[in-house]
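Reading the structure
Residue strings, one per chain:
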Amino acid sequence: MKRLAFAALALGLSLGVVMAQEHEGAKADSEERLEIWKWANFAILAGGLGFLIAKKGGPFFAARSAEIRKGITDAEALRKDADARAAEVDRRLANLEADVKQMRSTVLAEQAAAAERLRQETAAELARIQEHAGREIDSAAKAARVELKRYAARLAIDLAEQKIRARMNTESQGVLVDDFVRSLDRHA
């Protein structure tokens, strides 16, 4: 590339020189000379641009080409990843209805088990309450029987006391006191 740029620069300069020599001997008007210098300037500019393109363009375009290739490779990898994710999402969506049915059946089974457990706990609690109430009733009945026996005993004692008082007179009291004193003498 450098050689091509130098060749273009040399060609431009030689054209400028050749044209200047041709027109030296002849009468040339100023427009022709201006035209020659324009071509010479163009040749110099073209040669300079060719040189810059040859020097900087190759590495720039090679780097740019590598960058584009890398971008394409990365994009291809991203596309494959996106396709894989899309396939996974499609697979999950296809299984979604089955998963929902399975979840529903699991939830229904759990609800049935919870209801059964609650029914059993309620029955056990009811049985415990009934047993406790039965014990309390038995205890209250027993306490009432004891109280009734005490009341009956008090009534019997009161009745016996009334009968004894009714039968007791001074003669009976004397006999009882004498019997008590004799029993004390015997033991002493």
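Definitions and limits used
- Residues numbered from 1 in each chain as written.
- Predicted model: local features only at pLDDT ≥ 70, side-chain atom pairs only at ≥ 80, totals over all residues.
- Heavy atoms only, no water.
- Helix = DSSP H or I, 4+ residues; strand = E, 2+ residues; numbered from the N terminus.
- Buried < 20%, exposed > 50% of the residue type's maximum accessible area, 1.4 Å probe, protein only.
- Areas by Shrake-Rupley, 256 points an atom, 1.4 Å probe, with all protein chains shown as cover.
- Bend = angle between axes of the 7 residues up to and from the residue.
- pLDDT = per-residue confidence, 0-100.
- Patch = residues over 30% accessible without salt bridge, like charges linked within 9 Å, V, L, I, M, F, W, Y side chains within 5 Å.
- Salt bridge = Lys/Arg side-chain N within 4 Å of Asp/Glu carboxyl O.
- Phe/Tyr/Trp six-rings, centres within 6.5 Å; stacked < 30°, edge-to-face > 60°.

Helix and strand content of the chain: three helices and zero strands. When the helices and strands of the chain are placed in sequence order, the string is α-α-α. Residues counted as buried form 5% of the 188 residues belonging to the chain. Only carbon and sulfur atoms are counted for the fraction: they give 63% of the accessible area of the chain, which is about 16,400 Å².

Moving on to helix α2 (residues 30-167). Its axis deflected by about 45° at Leu-96, α2 carries its strongest bend there. By the burial criterion, the buried members of α2 are Ile-36, Ala-40, Ala-43, Gly-47, Ala-54 and Gly-57.

Moving on, we come to the confidence of the model for the chain. On average, residues of the chain score 83 in pLDDT, and 84% of them reach the 70 mark or higher. Confidence, read as mean pLDDT per element, is least for helix α1 (residues 2-25) in the chain (58) and greatest for α2 (89).

Attention now moves to a nonpolar patch on the surface. A cluster of nonpolar side chains, Leu-45, Leu-49, Leu-52 and Ile-53, forms an exposed patch at the surface whose accessible area comes to about 390 Å². Residue classification places Leu-45 among the exposed residues on the basis of a relative accessible area of 52%.

This next bit is on the packing of aromatic side chains. Tallying each qualifying case throughout the model produces two aromatic pairs. Pairing Phe-60 with Phe-61 gives two aromatic rings, centres 5.2 Å apart and planes at 70°, and the pair type is edge-to-face. Judged by relative accessible area, which is 54%, Phe-61 ranks as exposed.

Within the structure shown, the criterion is met by 15 salt bridges. Two residues, Glu-67 and Arg-64, come together in a salt bridge whose shortest N-O distance is 3.0 Å. Residue Glu-67 and its partner Arg-64 are both found in helix α2; the two are separated by three residues, about one turn of the helix. For Arg-64, a relative accessible area of 39% puts it in the partly exposed group. Residues participating in the shared-partner salt-bridge network are Glu-76, Arg-79 and Asp-83.

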